[in-house]
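# Results of the structural survey
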Amino acid sequence: MSASAVDDRARYRAKPSVLDALKSPRMLTREVLAGLVVGLALIPEAIAFSVIAGVDPKVGLFSSFIMAVSIAFLGGRPAMVTAATGAVALVIAPVAPTYGMDYFIATVILAGIFQVILGVLGVAKLMRFIPRSVMVGFVNALAIFVFSSQFPQLIDVPWLVYPLVALGIVVMIVMPRITKIVPAPLVSVIIVTAVVLTMGLTVPTVGDQGELPQSLPSLFLPDIPWTWETFGIIAPFALGVALVGLMESLLTAKLVDEITDTHSNKTRESWAQGVANMLSGFFGGMGGCAVIGQTMIGVKASGARTRISTFCAGIFLFLLVVVFGDFVSTIPMAALVAVMIMVAIGAFDWHSVKPSTLKRMPKSETFVMIATVVLVLLTHNLAVGVVGGVLVASVLFVRRVAHFVSVSRTVAGDSVTYAVTGELFFASSNDLTTLFSYSDDPEEVVIDLTGSHIWDASTVAALDAIETKYATLGKTVEIVGMNESSQRMRGRLTGGFE
């Protein structure tokens, strides 16, 4: 085994590991209880996302169960939860109403295949191009998104819902000061549910969101014609699901890395998401990706750190909806709304909007963060916001770097030397031709590139244009000081633009 492979294994080794949790009753209890809380929180979300996707609630519930359990074994980010999500539901929503359930399931399976291919090709490495300002915007937009998604449960409801939500929030604020052994969200759900049941209050419950399944999911093989025409119908939706799912999952993994101060294997997570989606499809699920809200409940609110919590979330979800469905149906939505509100408050990066921070940060960084948030809120799509944020950040970066190029002119006898300093690429080299005094210069012109670097064909074309202008005036040009990489690029491209 190579040294690099050993280093990678050490880098991605889970801390704490599953074995560490199994050896520690305290840690194991925390992981199991965190899984229980997440399992509870997955139920209303899975039902709601099923409605968005235009399918039966059990489709979202089965998907969440299968994906959470499978990703616990396959995934590259311990403690991260994968299940049915709103982002995926929005992309795949037109399929079932237009083409039917068989095409819907085939789309989910094909999306999984695309994700495996993209994972093997190393798409996860593109994460390095996402700047911090976009990450902050992503987190803040997500927090706003999670908070605003609770509004349907707070509008046109009995007035008793509001004090119950307040009670749940107070419990989650006070509970960590008393003990952290039992996750505060779980205690909050139990207390609010007990109050509703003992006092006989009539408020919206989980059961009101949709019918819960009564049995295990069964194998589902889509009955569709396996033709190129079918592929042409489902491929665009499948590719959209694959890209949105991977982007949201990798960003969530990166966020959990920062919270836990550990590393995760993004390449493994990419193809694992694909396998989980394929398994979800074959068992009649709607597919999904990492769910950041429930992941934050597990990691941030409940202290989960290992794969045990993710596995337990899937198992508890199944047990709660199939075995204890009658009891789960009585849980008031107010209890889960309170949990999600606290998750939103905890996820939002309040430091990023402090006046002192905004005053200290470069205006371009703040603009990128705001642009990311606005795009997410306008499109209700985290992936669109992130891609837009990266594009805005790239444009601003290119604009900023382009201004760092300078040209100084020194005349010595019958020759003139132009010293070019800075990075030469399309944004900076386009104006390079305007910085020379062609008519006033002597017959010998030296262009010194010691303090610069040629990055692209635009720069080579600009240098060729400068040489041509001087040649028409009967003057000679010598370009010196190029580093090895710049010499290779110019040698390969020069003279090829006419």
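Presented here is an overview of the structure given in this document. As the structure is a computational prediction, the values presented were derived from the model and not from experiment. (Residues numbered from 1 in each chain as written. Predicted model: local features only at pLDDT ≥ 70, side-chain atom pairs only at ≥ 80, totals over all residues. Heavy atoms only, no water.)

### Describing the pairing of strand β4 (residues 415–424)
Consecutive residues of a regular strand have side chains that alternate between opposite faces of the sheet. Relative to β4, strand β3 (residues 406–412) runs antiparallel, the two being bridged by seven bridges. Bridge pairing in β4 links Val 407 to Val 420. Hairpin connection from β3 to β4: two residues lie between these consecutive antiparallel strands, with Gly 413 at a positive phi of about 65 degrees. The sheet contact formed by β4 and strand β5 (residues 444–454) spans nine bridges and is parallel. Its bridge partner lying in β5, Thr 417 is registered against Val 446. (Pairing = 2+ DSSP bridges. Helix = DSSP H or I, 4+ residues; strand = E, 2+ residues; numbered from the N terminus.)

### Looking at the layout of surface pockets
Reported here for the largest pocket is a volume of approximately 690 Å³. Around the largest pocket, the lining is made up of 29 residues, and of these Glu 45, Phe 49, Phe 145, Ser 149 and Gln 150 lie nearest the centre. Elements supplying a minimum of two residues to the lining of the largest pocket: α3 (25–53), α5 (86–92), α8 (132–148), α13 (292–301) and α16 (333–347). In terms of residue class, the lining of the largest pocket is built from 17 nonpolar, 10 polar and two charged. Each pocket or cavity is described by its volume, and for the second largest pocket that value is around 490 Å³. If you go around the second largest pocket, you meet 24 residues; those closest to its centre are Pro 176, Lys 300, Ala 301, Ser 302 and Gly 303. Listed by contribution, the elements that provide at least two residues to the lining of the second largest pocket are α3, α9 (161–178), α10 (184–199), α13 and α16. Among the elements that take part in the lining of the second largest pocket, α16 stands out by supplying six residues, more than any other. (1 Å grid on protein atoms, 1.4 Å probe; cavity = no way out; pocket = protein on both sides within 12 Å on 5 of 7 lines; lining within 4 Å. Points joined across faces, edges and corners; volume = space filled by probe spheres on them. Nonpolar A, V, L, I, M, F, W, Y, C, P; charged D, E, K, R; others polar.)

### With respect to α10
The terminal C-alpha atoms of α10 lie 22 Å apart, and with 16 residues this matches the ideal 22 Å at 1.5 Å per residue to within 8%. Among the residues making up α10, those that are buried are Ala 184, Pro 185, Leu 186, Val 187, Ser 188, Val 189, Val 192, Thr 193 and Val 196. Downstream of α10 by a residue or two, Gly 200 has a phi angle that is positive, lying close to 65 degrees. (Expected span 1.5 Å × (residues − 1). Buried < 20%, exposed > 50% of the residue type's maximum accessible area, 1.4 Å probe, protein only.)

### Details of the pattern of salt bridges
Across all of its chains, the model carries six salt bridges by this definition. Of the charged contacts in the structure, one is a salt bridge between Lys 266 and Asp 257, with a shortest N-O distance of 2.5 Å. Accessibility assignment for this pair places Lys 266 and Asp 257 in one class, buried. The salt bridge involving Arg 490 is made with Glu 467; its shortest N-O contact spans 2.8 Å. Note that Arg 490 is positioned in helix α22 (residues 484–493) and Glu 467 in helix α21 (residues 457–472), a separation of 23 residues in sequence. Residue Arg 490 is classed as buried on the basis of its relative accessible area of 13%. Judged by relative accessible area, which is 24%, Glu 467 ranks as partly exposed. Salt bridges here are not isolated pairs; linked through shared partners, they connect Arg 77, Asp 257 and Lys 266. (Salt bridge = Lys/Arg side-chain N within 4 Å of Asp/Glu carboxyl O.)

### A few points about empty space enclosed by the protein
Applying the stated criterion across every chain, the model contains three cavities of 30 Å³ or more. Computed from the structure, the second largest cavity encloses a volume of approximately 40 Å³. The wall of the second largest cavity is formed by Leu 61, Phe 62, Phe 65, Pro 213, Leu 317, Phe 318, Val 321 and Val 322. Among the secondary structure elements, those contributing two or more residues to the lining of the second largest cavity are α4 (57–74) and α14 (307–323).

### A short note on the packing of aromatic side chains
In total, this model carries 11 aromatic pairs according to the counting rule given. With a centroid separation of 5.6 Å and an interplanar angle of 80 degrees, the aromatic rings of Phe 73 and Phe 311 are classed as edge-to-face. One end of the pair, Phe 73, is in helix α4; the other, Phe 311, is in helix α14, with 238 residues separating them in the sequence. A residue is classified by how much of its surface remains accessible, and Phe 73, at 56% relative accessible area, is exposed. Residue class for Phe 311 comes out partly exposed when judged on its relative accessible area of 31%. Taken together, the ring pairs connect Tyr 418, Phe 436, Tyr 438 and Tyr 470 into an aromatic cluster. (Phe/Tyr/Trp six-rings, centres within 6.5 Å; stacked < 30°, edge-to-face > 60°.)

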